[in-house]
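Listed here are the chains, written in short residue letters.
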Amino acid sequence: MPKTGSRKIVVDGVSYRWRIRQRPPTATVDDGGPLVFCAELIGTTGSVLVVALPQSREVGWGGLYDYDQSPATPGQVADAIRQALRAGWVASKPGKPFLFDAMWPSQTPAAGGSNI
């Protein structure tokens, strides 16, 4: 994950970097789709967490996200990281990105995430 534009967040004493995805997935270019961010453990080359948040993201001029609409809060990011860890994300283990859908807060860990 590029360091440019990323922010540090500490969740339960562990430091992560997170960043909002710059461009929407090509399948959702017209409506923006969900707000997506990536996170990774600082200091290791482990698995990257990819999280879809409940708010939608508007696409602005040039196909980039409109950052004035529905920002992600540090609290949302921390909660999503905690949920993904409970769902099986191992931040320190190298591997494929771990996809996590935080759009449904009541989801069970078995249904929450997957390595692709």
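Throughout what follows, the structure given in this document is the object of discussion. Since the model is a prediction, treat every value here as computed from it, not as a measurement. (Residues numbered from 1 in each chain as written. Predicted model: local features only at pLDDT ≥ 70, side-chain atom pairs only at ≥ 80, totals over all residues. Heavy atoms only, no water.)

1. So, the pattern of salt bridges
Let me state the cut-off plainly: When a carboxyl oxygen of Asp or Glu is within 4 Å of a side-chain nitrogen of Lys or Arg, the pair counts as a salt bridge. Counting from the N terminus, the helices are DSSP H or I runs at least four residues long and the strands are E runs at least two residues long.
Counted according to the given criterion, the structure contains three salt bridges. For R17, the salt bridge is made with E40, and the minimal N-O distance between the two is 2.0 Å. Of this pair, R17 sits in strand β2 (residues 14–20) while E40 sits in strand β3 (residues 34–41), and the two are 23 residues apart along the sequence. Across the pair D79 and R82 runs a salt bridge, and its minimum N-O distance is 3.2 Å. One end of the pair is D79 and the other is R82, both in helix α1 (residues 74–86) and three residues apart, which spans about a single turn.

2. Points about the packing of aromatic side chains
So the rule is basically this: For Phe, Tyr and Trp, where Trp contributes only its six-membered ring, two rings pair if their centres lie within 6.5 Å, and the inter-plane angle classes them as stacked under 30 degrees, edge-to-face over 60, or tilted in between. Think of it in three bands: residues with accessible area under 20% of the maximum for their type are buried, residues over 50% are exposed, and the middle band is partly exposed, with areas taken using a 1.4 Å probe on protein chains only.
For the structure shown, the criterion picks out two aromatic pairs. The interplanar angle of 35° and the centroid separation of 5.9 Å between the aromatic rings of Y16 and W89 together place this pair among those described as tilted. One end of the pair, Y16, is in strand β2; the other, W89, is in the loop between α1 and β5 (98–101), with 73 residues separating them in the sequence. As far as burial versus exposure is concerned, Y16 and W89 are alike and both buried.

In short, the description is geometric, and any link to function would need to be established separately.
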